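Residues per chain, in single letters:
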Amino acid sequence: MTIQRQLVERMVDRFADNIADCEQDYDVDRLQLFQRATFGADARQSKPRFTEWAYMRMHGNRLSYCEKGGDIVGQQGRLETTLHLGDSDVSAVWATDLRVRDDWKMKGLGVALIGKLLRDYPVVMALGVSDEAKKMFRRQGWIVLGSIDALLKPLTPLGYQRSATGSTWFRKVLGHLLHWACKPLDLLRIGVARQSGRNARIVPVSAFDETIEPLLKRRQKRCRVCCDRSVEFLNWRFVECPVAHRYKCHALWVHEELCGFVVLRRAERYGKDTMYVDELIADDDVLSQLIAFIIQESYRLGVDSIYYEGLGEKLTSQFRKWAFVRRDSGHFFVAHSRNDALSEDLAVRENWTLTFADSDMGFRHDR
């Protein structure tokens, strides 16, 4: 065991008697005071319905907290998953919502909370890491995979401007010119894609059932490293969540076979009406048709831009072919494994398939 691992183990043992799991409504109520003080009263972490849904409804998910002197001084969430690495399945977990009260920082509590996950799971992952947490993860020897891909496609004159406020007249004129130059090309490409996929139909989905399982199995086989997808997970994530009305799910059928689906979420981003692509799973031969649908639907609804974050070379390259541009806003991604043999695969960025449906980056609430 390395010196760093020994230090983590000591911190876990030091705080072990003070760490408990949120299991009852009483725990949720007690956590609210800490969550409002550390995350903010308007944050989704401070909403009891989100705590109950994210950490108490899905098997394996959990929110742990540390109590000292009668006060809650830190918390750590976990979203359990199965990580598929080639032909192997490994128990893994997403580390989420780590927060320590200011007066307990630099005392080993943060190390203890994350260290408990490192002790319990062969693979631990975190997405959306703060600058403060990055330093801790690097010290602990985590695999640093950097920012995940972030792709943006402007659709309206406002969408082509860098910000919704403070734009110069030149940028506004340029936005209109780019919009009127690019929209006809998009509509032409959408028409070509629809013509080539005449046997395909795309329909809304209110819930997921067993008809999606063959597609999920095909996706698992072609991905080198990816988190598990199941009917239960998809329904929990998009149908049963507290803001399910924000998600619009669409499935692509070719004859009687389900070949792809997409989950869209409309929200504000930097003052612009944005269509988020939270999940997209499709067979290679219909991927372009599904992206064409996303663009067509976004034009129909009048949103300013489309935004996607994730990892996966095929999906990223397809978005790029549809004139999505790279942005530097991708969330920071790290992973940790106790098994050096697994680390070799995990350390290769190109091996990963990842979307907003993983971790908690897509969690939102109504303000």
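It should be noted that the structure appears before, not after, this text.
Residue numbers run consecutively from 1 along every chain, following the written order of its sequence. In keeping with the predicted nature of the model, local features appear solely for residues at pLDDT of at least 70, side-chain atom pairs appear and are counted solely at 80 or more, and the whole-chain, interface and lining totals rest on all residues. With hydrogens and water stripped out, all remaining heavy atoms of the structure feed into the side-chain values.

### Focus: the overall build of the chain
Helical segments are the DSSP runs of H or I of at least four residues, strand segments are the runs of E of at least two, and each set is numbered from the N terminus. Looking only at helices and strands, one finds 11 helices and 16 strands in the chain. Taking 2.2 N^0.38 as the reference for a compact globule, 367 residues should give roughly 21 Å; the C-alpha atoms of the chain span a radius of gyration of 22 Å, in line with that estimate. Expressed as lengths along the three principal axes of its C-alpha atoms, the size of the chain is roughly 65 × 50 × 40 Å. Burial classes follow relative accessibility: with a 1.4 Å probe on protein chains only, a residue under 20% of its type's maximum area counts as buried, one over 50% as exposed, and anything between as partly exposed. Expressed as a percentage of its 367 residues, the buried residues of the chain come to 53%. It only takes one pair of heavy atoms within 4.5 Å for two residues to be counted as in contact. Considering only intrachain contacts with a sequence separation of at least 6, the fraction spanning at least 24 residues in the chain is 72%. Of the roughly 17500 Å² of accessible surface on the chain, 50% is carried by carbon and sulfur atoms. Neither His nor the chain ends contribute to the count of charged residues, in which Lys and Arg are positive and Asp and Glu negative. Charged side chains are reduced to one point each, which is NZ for Lys, CZ for Arg, CG for Asp and CD for Glu. The distance from the centre of the 55 positive side-chain charges to the centre of the 50 negative ones in the chain is 7 Å. Each radius of gyration reported is based on C-alpha atoms, and the globular scaling rule is 2.2 Å times the count of residues to the power 0.38. With residues, only the protein chains shown are counted as cover, and all accessible areas are computed by Shrake-Rupley using a 1.4 Å probe.

### Brief notes about a nonpolar patch on the surface
Only residues whose relative accessible area exceeds 30% and that take part in no salt bridge are eligible for patches, with like-charged residues grouped when within 9 Å of each other and nonpolar side chains (Val, Leu, Ile, Met, Phe, Trp, Tyr) grouped when within 5 Å. The rule for a salt bridge is simple: a side-chain nitrogen of Lys or Arg has to be within 4 Å of a carboxyl oxygen of Asp or Glu. Residues Trp169, Phe170, Val173, Leu174, Leu177 and Leu178 make up a contiguous nonpolar surface patch of about 630 Å² in total accessible area. By secondary structure assignment, the location of tryptophan 169 is in helix 6 (residues 169-196).

### Focus: the nonpolar core
Residues belong to a common nonpolar core when they are buried Ala, Val, Leu, Ile, Met, Phe, Trp, Tyr or Cys residues joined through side-chain atoms within 4.5 Å. If you look at the biggest cluster of nonpolar residues, it comprises 61 residues, and the most contacted ones within it are Leu83, Met125, Ile212, Phe261, Phe333, Leu346 and Trp352. Element by element, the count of residues in this core is highest for helix 8 (residues 231-239), at five residues. Setting aside chain neighbours within four positions, we find tryptophan 352 in contact with Leu83, Met125, Leu145, Val225, Leu311, Gly312, Phe333, Ala335 and Leu346.

### So, the environment of lysine 183
Considering the arrangement of structural elements, one finds lysine 183 in helix 6. Residue classification places lysine 183 among the partly exposed positions, given a relative accessible area of 26%. Distance from lysine 183 to arginine 349, taken between C-alpha atoms, is 33 Å for residues 166 residues apart in sequence.

### So, the sheet that holds strand 13 (residues 305-310)
Pairing between two strands requires that DSSP report at least two bridges joining them. Strands sit in the order 8-10-11-12-13-7-14 across an open sheet of seven strands; the sheet is mixed. The sheet terminates laterally at strand 8 (200-205) and strand 14 (325-326), the two strands that pair on one side only. In this analysis, axes come from line fits to C-alpha atoms, helices being fitted only over the stretch in contact, and the angle between any two N-to-C directions falls in the range 0 to 180 degrees. Its contacts with the sheet put helix 7 (residues 213-222) on strand 11 (257-269) and strand 12 (272-282), and the angle it makes with strand 11 is roughly 85°.

### What to know about the packing of aromatic side chains
Stacked, edge-to-face and tilted are the three classes for Phe, Tyr and Trp ring pairs, Trp counted by its six-membered ring, which pair at centre distances within 6.5 Å; planes under 30 degrees apart are stacked, over 60 edge-to-face, the rest tilted. By the definition in use, this model includes 13 aromatic pairs. Between phenylalanine 208 and phenylalanine 261 the ring centres are 5.4 Å apart and the planes differ by 65°, which places this aromatic pair in the edge-to-face class. With phenylalanine 208 in the loop between strand 8 and helix 7 and phenylalanine 261 in strand 11, this residue pair connects regions lying 53 residues apart in the sequence. No difference in accessibility class separates phenylalanine 208 from phenylalanine 261, as the two residues are buried.

Fair warning: the whole summary comes from geometry, so function is off the table for now.
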